[in-house]
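# Report on the structure
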Number of protein chains: 2
Amino acid sequence: MTTTDDDVRALAARARVASHDLALATRATKDAALHAMADALVAATDDVLAANADDVARAEDAGTPANVVDRLRLTDDRVAAMAQGLREVAGLPDPVGEVVRGSTLANGLELRQVRVPFGVVGMIYEARPNVTADAAGICLKAGSAVLLRGSASAASSNAAIIEVLREAVARAGLPADVVQLVPADSRDTVKALMRARGLVDVLIPRGGAGLIQSVVEESTVPVIETGVGNCHVYVDAAADPDQAVEVVLNAKTHRTSVCNAAESLLVHADLVDTLLPRLVTALQDAGVVVHGDETAARLPGVVPATDDDHAAEYLSMDISVAVVADLDAAVAHLRRFSSGHTEAILTRDQAAARRFVAAVDAAAVVVNASTRFTDGGEFGFGAEIGISTQKLHARGPMGLPEMTSTKYVVTGDGHVRP
Amino acid sequence: MTTTDDDVRALAARARVASHDLALATRATKDAALHAMADALVAATDDVLAANADDVARAEDAGTPANVVDRLRLTDDRVAAMAQGLREVAGLPDPVGEVVRGSTLANGLELRQVRVPFGVVGMIYEARPNVTADAAGICLKAGSAVLLRGSASAASSNAAIIEVLREAVARAGLPADVVQLVPADSRDTVKALMRARGLVDVLIPRGGAGLIQSVVEESTVPVIETGVGNCHVYVDAAADPDQAVEVVLNAKTHRTSVCNAAESLLVHADLVDTLLPRLVTALQDAGVVVHGDETAARLPGVVPATDDDHAAEYLSMDISVAVVADLDAAVAHLRRFSSGHTEAILTRDQAAARRFVAAVDAAAVVVNASTRFTDGGEFGFGAEIGISTQKLHARGPMGLPEMTSTKYVVTGDGHVRP
């Protein structure tokens, strides 16, 4: 028996009701719930690991690649890290109630713009079960109920984690329905979330490009698009050569499976005979397959690149390389191929840096540093629900404030419009 | 011959190219363009009025209601007001480049979150040709190209206004394509805008509930939903009676055709025999048709109300009235019927005011004042592109800052992730 549209709408309606109490909860109550959730997770480690073992066994039986199984697998340490994440969220300031701006109008009316919870958030995500606890914690602190729709492959782990969290939330005096599991037994439950306009306030898809694309295109619920990163490093004519090699290697090879890893390298034409060969050799020595445009492909071992390579988010030890005539050509290349995540320039030329920062349209523009810094933790946000690559509402790493809306509060003494 | 999907995509692609120059324009250039636009509109008043006379004649021939024809009609004064609006936008601070937040991270990286233009904005709007100049001016100041898709009934007026504006923009040294008319010859051009994901960054529908609903549901381009207002005034047991009568009359009758007019009145049960009859009589004396629930309908002249009445945005001299047991019942009624625009409480009880403000989920929550104050002009924003009733990105009156996105600028000295 699969979950129907009506079942998902019923979950969302329960979340809506629960969200009303949560929206009025004090920070003290929410933080107590987060600590209770953390304690309960640690106490239930054995149950969570047993449920996870089922998921892992099923994945292995199905011939799932080892790296995917690894992301699915929980350990004592990973459960402890989930609990620690919840405690850290408890330590962050409460975004709800923050006065974003305020003034007294000419007629004496007091105007305040105040952060308020979204209400009900839908998370659609793949593989990693730690997202379940992270998202539940962030949404709870931001005052919103959350509907968690993980992947079928993590169904047992997610169910076990959510059961533990719900009990802890209830013990802390908040409605258990602020955290709910949306069954992953069919893709119809994703579709039902996308159609639950009015019941769900915002959908956040986290996962591969295919998932995000389908949610963005089909959802009638407002979506915050996350995380596809075809991040570029542009090595300007005035780049420091040693720094360029170090930063390009870090951006590409520090961790390849993440959205802020570099996937494309742009090199100023002046450097074709000097820094370009050095960069390519350094990448190849580190085990990276270099896919080069016509110029770069003349170098030994470089595979010819197509437009698909320039557009690709490899998430692997591959990089595309293009030689550009100048900074404007680099910007033009980015306008064609950037996914709007993170674009870096390496240069000692202040004017070049200023022009690149002004002209490039992305969530993060980086000067003389690795693309790997675009991250809520690195930015000091303390918690991150994802990295938005859209221009509405939130752009870049999303912390607690980005997980709220606002409302205007207008206070008078019987004021009327003259 | 009607405009095809490809035609609209070609307009959007031209807007995209033009937006790159506009994004880099200084405030001085943009303000000069706004003044040139204002001067050109005044100089071309006769041409604009002649084009408008065609629209008005067509509308009258088609038997359009007089109040709609009136909104369509331009006069010397209305053209002068459009020009004045452009000059006022020139006088406002430039939102682009504003540093929203910034810090130096522990590793020495400098982090700044900076306001940047959206890129390309699509406006879909009805009837009033003054929106054409307003939207063009606000988008230009906010650094975005705009695609203006007005109603077929105002096609001649909009074409004339846009031609004047484009020439002025070009004379000021910016690409004329930052302001473009999307033909209103078929509804397909609206559909084409809604499908232009990647070419158009945000769509803003302004008009009736039907238009907004269809754009919100069908668009793959992110939408900022505007303006449907079923605004309530809740008269608490502790309301000042004289003030309540004055505020309710103002909220309902000051101007009935606007989204911040009151459409629904909630009255605390304790006031059934005292203030309720007085409020109903005052409304009726002012010419308002009162649609009451079972209790209110016992009063003379009150028409029985259905759920449709409680949900209605009348935009006319009608109001629905419901008697509620207490503040929580008022909140429950709002959760069912509020359109999330503006909800007001009238009370001398501080605890009641606090509870109402916290529990009611709307763009604006008003204490002891008329709903009519939810307005960019009243809030001191200087210019307003519409009133958002959604929770993502912007909520309430949208001024220049709400018409921008942000990006993070990260600056280092060759920083890499350890």
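Heads up: these notes are all about the structure in this document. Keep in mind it's a predicted model, so treat the numbers as computed, not measured.

## What about the overall build of chain A?
Per the secondary structure count, chain A includes 14 helices and 16 strands. For chain A, the C-alpha radius of gyration of 24 Å lies close to 22 Å, the compact-globule estimate for 418 residues. Seen through its C-alpha atoms, chain A measures out along the principal axes to roughly 70 × 70 × 35 Å. Here chain A holds 418 residues, and the buried ones make up 57% of them. Restricting the contact set of chain A to residue pairs at least 6 apart, pairs at least 24 apart contribute 72%. Summing over all exposed atoms, chain A offers an accessible surface of approximately 15,200 Å²; the carbon and sulfur share of this is 51%. Computed over 37 positive and 55 negative side-chain charges, the inter-centroid distance for chain A is 6 Å.

## Side note on helix α14 (residues 350-359) of chain A
The complete set of buried residues in α14(A) reads Ala352(A), Ala353(A), Phe356(A), Val357(A) and Ala359(A). Against β7 (231-235), α13 (327-337), β12 (342-346) and β13 (364-369) of chain A together with α1 (5-24) and β16 (404-415) of chain B lie the buried residues of α14(A). Measuring from the side-chain oxygen of the N-cap residue of α14(A) to the backbone nitrogen of Ala351(A) gives 2.9 Å; that N-cap residue is Asp349(A).

## Overview of unusual backbone geometry
In this structure, Asn368(A) takes a positive phi of about 55° despite not being glycine. Classification of Asn368(A) by relative accessible area gives buried; the value is 11%.

## Examining a negative patch on the surface
All names here are of chain A. Residues Asp46, Asp47, Asp76, Asp77, Glu163 and Glu167 make up a contiguous surface patch of negative charge. Mapped by element, the contributors of at least two residues to the negative patch are α3 (45-61), α5 (76-91) and α7 (155-171). Structurally, the position occupied by Glu167 is in helix α7.

## Things to note about the sheet that holds strand β2 (residues 110-117) of chain A
Spatial strand order, β1(A)-β2(A)-β16(A)-β13(B)-β12(B)-β7(B)-β8(B)-β11(B)-β9(B)-β10(B): 10 strands in an open sheet with mixed pairing. The open sheet is flanked by β1 (99-104) of chain A together with β10 (303-304) of chain B, the only strands paired with a single partner. In this fold helix α14 (residues 350-359) of chain B packs onto β16 (404-415) of chain A together with β7 (231-235), β12 (342-346) and β13 (364-369) of chain B, with an angle of close to 170° to the strand it touches most, β12(B).

## Here's the deal with the packing of helix α3 (residues 45-61) of chain B against helix α7 (residues 155-171) of chain B
All names here are of chain B. Between α3 and α7, the shortest axis-to-axis distance is 7 Å and the interhelical angle comes to 165°. In terms of axis orientation, α3 runs roughly antiparallel to α7. Between α3 and α7 the crossing geometry is left-handed. Contacts from Val48, Ala51, Asn52, Asp54, Asp55 and Arg58 in α3 reach Ala155, Ser156, Ser157, Ala160, Ile161 and Val164 in α7. Its residues placed into classes, the contact of α3 with α7 shows 6 nonpolar, 3 polar and 3 charged.

## Some thoughts on the sheet that holds strand β3 (residues 120-125) of chain A
Residues and elements named next belong to chain A. Ordered by their spatial adjacency, 4 strands build an open sheet running β5-β4-β3-β6, and the pairing between neighbours is parallel. Looking at which strands have only one partner, the edges of the open sheet turn out to be β5 (179-181) and β6 (202-206). For this sheet, the mean inter-axis angle between neighbouring strands, taken without regard to orientation, is 20°. In the sheet, strand β4 (residues 145-149) pairs with β5 via 3 bridges, with the strands oriented parallel. Bridge pairing in β5 links Leu147 to Gln180. Its contacts with the sheet put helix α1 (residues 5-24) on β3, β4 and β5, and the angle it makes with β4 is roughly 145°. Contacting β3 and β6, helix α9 (residues 209-218) crosses the sheet at an angle of about 160° to β6.

## Side note on helix α2 (residues 27-43) of chain A
A turn of α-helix holds 3.6 residues, and therefore any two residues three or four places apart point the same way. Residue and element names in this part refer to chain A. With 17 residues, α2 should reach 24 Å at 1.5 Å per residue; the first-to-last C-alpha distance of 24 Å fits that figure. Of all the residues in α2, the buried ones are Lys30, Asp31, Ala33, Leu34, Ala36, Met37, Ala38, Ala40 and Leu41. Against α1, α3, α5, α6 (130-141) and α7 lie the buried residues of α2.

## Points about the pattern of salt bridges
Under the definition given, this model contains 46 salt bridges over all chains. Where Asp70(A) meets Arg78(A), a salt bridge forms, and the shortest distance between an N and an O atom there is 3.7 Å. Note on Asp70(A): relative accessible area 37%, which makes it partly exposed. Close ionic contact of Glu402(B) with Arg101(A) constitutes a salt bridge, the shortest N to O distance being 2.7 Å. On the criterion of chain membership, the pair formed by Glu402(B) in the loop between β15 (396-398) and β16 and Arg101(A) in strand β1 is interchain, its members lying in two chains. Note on Arg101(A): relative accessible area 32%, which makes it partly exposed.

## Comments concerning the relation of the copies chain A and chain B
For these two chains of identical sequence, chain A goes onto chain B by a turn of 180° and a shift of 0.0 Å along the axis, with RMSD 0.1 Å. Here the transformation between the copies is reduced to the relation of a two-fold axis. The rotation axis passes nearest to the C-alpha of His393(A) in chain A, at a distance of 1.7 Å. Comparing contact sets, 99% of the residues at the interface of chain A also lie at the interface in chain B, consistent with an isologous, same-surface contact.

Rules used in this analysis
Residues numbered from 1 in each chain as written. Chains lettered and ligands numbered in written order. Predicted model: local features only at pLDDT ≥ 70, side-chain atom pairs only at ≥ 80, totals over all residues. Heavy atoms only, no water. Helix = DSSP H or I, 4+ residues; strand = E, 2+ residues; numbered from the N terminus. Rg over C-alpha atoms; globule rule 2.2 N^0.38 Å. Buried < 20%, exposed > 50% of the residue type's maximum accessible area, 1.4 Å probe, protein only. Contact = heavy atoms within 4.5 Å. Areas by Shrake-Rupley, 256 points an atom, 1.4 Å probe, with all protein chains shown as cover. Lys, Arg positive; Asp, Glu negative; His and termini not counted. Charge placed at Lys NZ, Arg CZ, Asp CG, Glu CD. Polar contact = N/O pair within 3.5 Å; in protein donor to acceptor, adjacent residues only side chain to side chain. Patch = residues over 30% accessible without salt bridge, like charges linked within 9 Å, V, L, I, M, F, W, Y side chains within 5 Å. Salt bridge = Lys/Arg side-chain N within 4 Å of Asp/Glu carboxyl O. Pairing = 2+ DSSP bridges. Axes fitted to C-alpha atoms, helices over the stretch in contact; angles between N-to-C directions. Parallel < 35°, antiparallel > 145°, perpendicular 65-115°, else oblique. Left-handed = near helix turned anticlockwise from the far one by under 90°. Nonpolar A, V, L, I, M, F, W, Y, C, P; charged D, E, K, R; others polar. Expected span 1.5 Å × (residues − 1). Least-squares fit on C-alpha atoms with pLDDT ≥ 70 in both.

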